[in-house]
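Architecture at a glance
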Amino acid sequence: QVQLVESGGGLVQAGDSLRLSCAASGRTFSSYHMGWFRQAPGKEREFVAAISRIPYSRHYANSVKGRFTISRDNAKNTLYLQMNSLKNEDTAVYYCAADGSASYSHNDQLAYDYWGQGTQVTVSS
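The paragraphs below set out a description of the structure included in this document. All values reported here derive from a predicted model rather than from experimental measurement.

Calculation rules
Residues numbered from 1 in each chain as written. Predicted model: local features only at pLDDT ≥ 70, side-chain atom pairs only at ≥ 80, totals over all residues. Heavy atoms only, no water. Phe/Tyr/Trp six-rings, centres within 6.5 Å; stacked < 30°, edge-to-face > 60°. Helix = DSSP H or I, 4+ residues; strand = E, 2+ residues; numbered from the N terminus. Buried < 20%, exposed > 50% of the residue type's maximum accessible area, 1.4 Å probe, protein only. Lys NZ or Arg CZ within 6 Å of the ring centre and 35° of its normal. Core = buried A, V, L, I, M, F, W, Y, C linked by side-chain atoms within 4.5 Å. Contact = heavy atoms within 4.5 Å. Pairing = 2+ DSSP bridges. Axes fitted to C-alpha atoms, helices over the stretch in contact; angles between N-to-C directions.

1. Here's the deal with the packing of aromatic side chains
Taken as a whole and assessed by the stated rule, the structure comprises five aromatic pairs. Aromatic pair Tyr32 and Tyr114: ring centres 6.1 Å apart, planes at 75°, arrangement edge-to-face. With Tyr32 in the loop between β3 (18-24) and β4 (33-39) and Tyr114 in strand β10 (residues 114-115), this residue pair connects regions lying 82 residues apart in the sequence. Tyr32 sits in the buried class, given a relative accessible area of 10%. Three or more aromatic residues joined by ring pairs form one cluster here, namely Phe37, Phe47, Tyr112 and Trp115. It is Arg45 that lies over the ring of Tyr95; its NZ or CZ is 5.6 Å from the centre.

This is the structure in structure tokens:
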């Protein structure tokens, strides 16, 4: 069982940066593949970024590639999402998720077993 709590969201201007954190409970954080997803108003939830357990393979949605960086600190049981050059279209509720399966399906929401409550990111022009 893993409980996930996101933080770090807020209201920023276009071009600004923001770092989201996702604190995980439990002692097995390092065994999970982790992902970030987001849901904008009126839209379906979509994949943003993911990082596997060792060897820490990273994947990004095309819309954030080159601007966002996912990372994890297993000693702190924490997942991060560094977001740079934010755009209006990045406005959404951001969720972190944990996948405990053996395979790594980075953008398949159904593969993720545990989800956080989300943190709001609003980018104004």
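2. Observations concerning the nonpolar core
Across soluble globular proteins, nonpolar side chains have a tendency to be buried as a group. Among the nonpolar cores identified, the biggest contains 36 residues, and Trp36, Leu79, Leu81, Met83 and Tyr94 are the most heavily contacted of them. The set of elements that each furnish at least two residues to this core consists of β3, β4, β5 (46-51), β7 (68-73), β8 (78-83), β9 (92-99) and β11 (119-124). Look past the residues within four positions of Leu79 in its chain and what remains in contact with it is Leu20, Ser21, Cys22, Phe29, Met34, Gly35, Trp36, Ile51, Ile70, Ser71, Arg72 and Cys96.

3. Some details on the sheet that holds β3
If you walk across this open sheet you meet the four strands as β1-β3-β8-β7, and the pairing is antiparallel. Strands at the two margins of the open sheet, each flanked by one partner only, are β1 (4-7) and β7. Averaged over all adjacent pairs, the angle separating strand axes in this sheet is 15°, with direction ignored. One ladder, built from four bridges, connects β1 with β3; its direction is antiparallel. In the sheet register, Ser7 faces β3, and the bridge partner there is Ser21.

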